[in-house]
Every structure is written in C-alpha cells, then in structure tokens.
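Residues per chain are reported as follows:
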Amino acid sequence: MQRPPGYTYGTPLVPLSPVSLREFEWMKATAMFTDEDVRYLRMSLAILADQTAEIVEKWYEFVGSQPQLIRYYSTPAGMPLQDYLARTFARFQQWIIDTAEANYDQDWLNYQYEIGLRHHHTKKNRTDAAPALPHIHYRYMVPLIYPIVATLKPFLARKGHSPEEVEKMWEAWLKAVLLSVALWSQPYVKPGEY
C-alpha cells in the first residue's frame, strides 16, 4: 500500500507529543501492556495486512449506520463527503498496519498526538480541507473502542491460528487501541490535567 494522502507519520509536519516516551511506558504498564502484547500485535500484522480494506469497510458500515457519527464526515446539510471518507479510509488502513507493527518510538508517539489533534477542533478537517463538522465530540471516542476492537476478532481468526493465539492477538489489540485513544484524548483535556 502506498503512503495515503495526508499521512505525515515520521515527517517534520508532525508536532512533538506532549507525552514523553517515559510517560508512555507508564501508560503501557497501567494497561498491563507487555512485550508479549507487542509480539502478538506483530503476529497479527501478517494476518491483517491483506484485510485492511475489508476491516475498514466494516468499521465504515457501522459509522455510516450511526447518524451521530457519520455527521463528522458530512456537509453541514448532512451529505456524506465521499472524497473525505476515501482519504480517511486510506489512513485508517495505514493505522491498522502501524498498530500491528507496534513500533513505539518517538515518531509513533508524535503521530498519535497528530491524530488526536485531527479529531479535535485544533486540526479537524485541515488535512483534507473538508467542509465537515469542525470537531469530533469526545463523548464518542471512548465508546468507539468497542466496535473497532470487537469487529477485529473474526479477521484475526481467518488464517488458521489457534483460538488461544487469536485471543492473545485480540487482547493485544484491545490494549493498543485503549492506549491510542488515551493518547488521542490529550487535546481534549484541560492543560495540566492530562
């Protein structure tokens, strides 16, 4: 897969995360995220890499069925913005790959901050010049963890791994998504309270 439009991971366009690598280590410890989880995320890469379009399609079906969610990808009159959806679709596919690669370095940490800014009014719509709602309300970010992670399990089970391996990969994904959303939440929290 070629680099999606607007995907600035590892470039100077991405601001430095206000969360240090040391603080992120503490966050991982709080989520009981271990080297075993890294191993199982990386195992999932070979399973999910050729399924990313199908996975994101499943996620988009859910978002599209929820009026409170699709409005963030629509005009003020409520018409879904197909070009915007296509561009974010490609970046969502790349996010699956990035998550499964589990490379928790400074570039990755910075890009999580960038993703959070792109959900928040600070940068929402700027990457794609989209005329959608200018802010994704925080109240939907945490609940969306469940449909994102729950729909992954059947995809993880498609290539013959044992039920125990599938469960370990799924648990690693749950922890990884929880950590990502926690990082994306930073722009929503009052200064000094994150």
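Structure first, text after, so check above.
Conventions adopted
Residues numbered from 1 in each chain as written. Predicted model: local features only at pLDDT ≥ 70, side-chain atom pairs only at ≥ 80, totals over all residues. Heavy atoms only, no water. Salt bridge = Lys/Arg side-chain N within 4 Å of Asp/Glu carboxyl O. Helix = DSSP H or I, 4+ residues; strand = E, 2+ residues; numbered from the N terminus. Buried < 20%, exposed > 50% of the residue type's maximum accessible area, 1.4 Å probe, protein only. Expected span 1.5 Å × (residues − 1). Arc of directions from axis to C-beta. Contact = heavy atoms within 4.5 Å.

J.: If you had to explain the pattern of salt bridges to someone new, which residues and values would you point to?
T.: For the structure on display, the rule yields 10 salt bridges. The salt bridge partner of E54 is R158, with a shortest N-O separation of 2.9 Å. With a gap of 104 residues between them, E54 in helix α3 (residues 52-64) and R158 in the loop between α8 (152-156) and α9 (163-184) connect regions that are remote in the sequence. For E54, a relative accessible area of 41% translates into the label partly exposed. According to the relative accessible area criterion, R158 is partly exposed, its value standing at 45%. Ionic contacts of the salt-bridge type, sharing partners, join the residues R87, R91 and D128 into one network.

J.: With reference to specific residues and values, describe helix α2 (residues 35-48).
T.: Counted at 1.5 Å a residue, the expected span for α2 with its 14 residues is 20 Å, and the 20 Å between its end C-alpha atoms agrees. The complete set of buried residues in α2 reads D37, V38, Y40, L41, S44, I47 and L48. Considered in projection along α2, the buried side chains sweep an arc of 165 degrees and stay on one side of the axis. When the buried face of α2 is taken as reference, the exposed residues oriented beyond 90 degrees from it are D35 and A46. Tucked into the core, α2 has its buried residues touching α3, α5 (82-101), α8 and α9.

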